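# Summary of the model geometry
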Amino acid sequence: MGKKVLLIEDEPNIIEAISFILKRDGWTVATHAEGTTALEAILRHAPDVVILDVMLPGRSGYDILQDLRGSDGGQDLPVLMLTARGQTKDREMAERLGASRFMTKPFSNKEVLAAIHELVQA
C-alpha cells in the first residue's frame, strides 16, 4: 500500500487537521497551497494519492485535475477532491474531469481516512 500523500489545500486549519490524521495513520504528508504551481508539486513529490482542494489561489483544482489527467503518468494517480461547495454540478464537474473521489467540507477524520485507504487499494 502506498504511503505518500500530497495535500494541495490553502486553509491552514484543514492542512493541520488532515496532516495530523494521516501522519498518525502512518502516511508521509507533503503539502502545497498554491494553484499555479500545484502540477509541478505533484510531479516533484510523486505521491501515491493527492488530496486536491477545488478553490485555490491562482488556479482551481478543476484546472489542475484536468492538466494532471492530460499529463504523462497522471491518468491513474488517485485524486480525492475537496470542496466547500457540494452542489451536484460541482460533483459532476469533478467526475467528468477524472476525480477518483469527491468529498465536501466539513468532513470527518474517519471519512478522509476511509477514502484514502480505498483509493490506494483500488
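Anything mentioned here points back to the structure above.
Residues numbered from 1 in each chain as written. Predicted model: local features only at pLDDT ≥ 70, side-chain atom pairs only at ≥ 80, totals over all residues. Heavy atoms only, no water.

### Some thoughts on the overall build of the protein
In terms of helices and strands, the protein carries 5 helices and 5 strands. For a compact globule of 122 residues, the expected C-alpha radius of gyration is about 14 Å, and the protein comes in at 13 Å, within 12% of that figure. Counting all 122 residues of the protein, 48% fall into the buried class. If you take every contact in the protein between residues at least 6 apart in sequence, the share linking residues at least 24 apart comes to 58%. In the structure as shown, the protein presents an accessible area of about 6300 Å², 49% of it carried by carbon and sulfur atoms. In the protein, 14 positive and 18 negative side-chain charges are present, and the distance between their average locations comes to 3 Å. (Helix = DSSP H or I, 4+ residues; strand = E, 2+ residues; numbered from the N terminus. Rg over C-alpha atoms; globule rule 2.2 N^0.38 Å. Buried < 20%, exposed > 50% of the residue type's maximum accessible area, 1.4 Å probe, protein only. Contact = heavy atoms within 4.5 Å. Areas by Shrake-Rupley, 256 points an atom, 1.4 Å probe, with all protein chains shown as cover. Lys, Arg positive; Asp, Glu negative; His and termini not counted. Charge placed at Lys NZ, Arg CZ, Asp CG, Glu CD.)

### A short note on the packing of helix H3 (residues 61-69) against helix H4 (residues 88-97)
Where H3 contacts H4, the axes come no closer than 9 Å and their chain directions differ by 20°. Relative to H4, the element H3 lies roughly parallel. With respect to the hand of their crossing, H3 and H4 are arranged in right-handed fashion. The residues of H4 that touch H3, namely those facing Tyr62, Leu65, Gln66 and Arg69, are Asp90, Met93, Ala94 and Leu97. Here the contact of H3 with H4 is composed, by residue class, of 5 nonpolar, 1 polar and 2 charged. (Axes fitted to C-alpha atoms, helices over the stretch in contact; angles between N-to-C directions. Parallel < 35°, antiparallel > 145°, perpendicular 65-115°, else oblique. Left-handed = near helix turned anticlockwise from the far one by under 90°. Nonpolar A, V, L, I, M, F, W, Y, C, P; charged D, E, K, R; others polar.)

### A closer look at the side chain of Ser19
With respect to the helices and strands, the residue Ser19 is situated in helix H1 (residues 12-24). The contacts of Ser19, once residues within four sequence positions are left out, are Leu7, Val29 and Thr31.

### Things to note about the pattern of salt bridges
Applying the stated criterion across every chain, the model contains 5 salt bridges. Note that Lys105 is salt-bridged to Glu11, the shortest N-O span being 3.3 Å. Here Glu11 lies in the loop between strand S1 (4-8) and H1 and Lys105 lies in the loop between strand S5 (101-104) and helix H5 (109-121), a separation of 94 residues in the sequence. Of the residues examined, Lys105 reaches a relative accessible area of 15% and is grouped as buried. On the accessibility criterion, Glu11 (37% relative accessible area) is partly exposed. A salt bridge links Lys105 to Asp53, with the nearest nitrogen and oxygen atoms 3.2 Å apart. Placement of the pair is Lys105 in the loop between S5 and H5 and Asp53 in strand S3 (residues 49-53), with a sequence separation of 52 residues. Note on accessibility: Lys105 and Asp53 belong to one class, buried. (Salt bridge = Lys/Arg side-chain N within 4 Å of Asp/Glu carboxyl O.)

The values reported here are purely geometric and, on their own, carry no functional implication.
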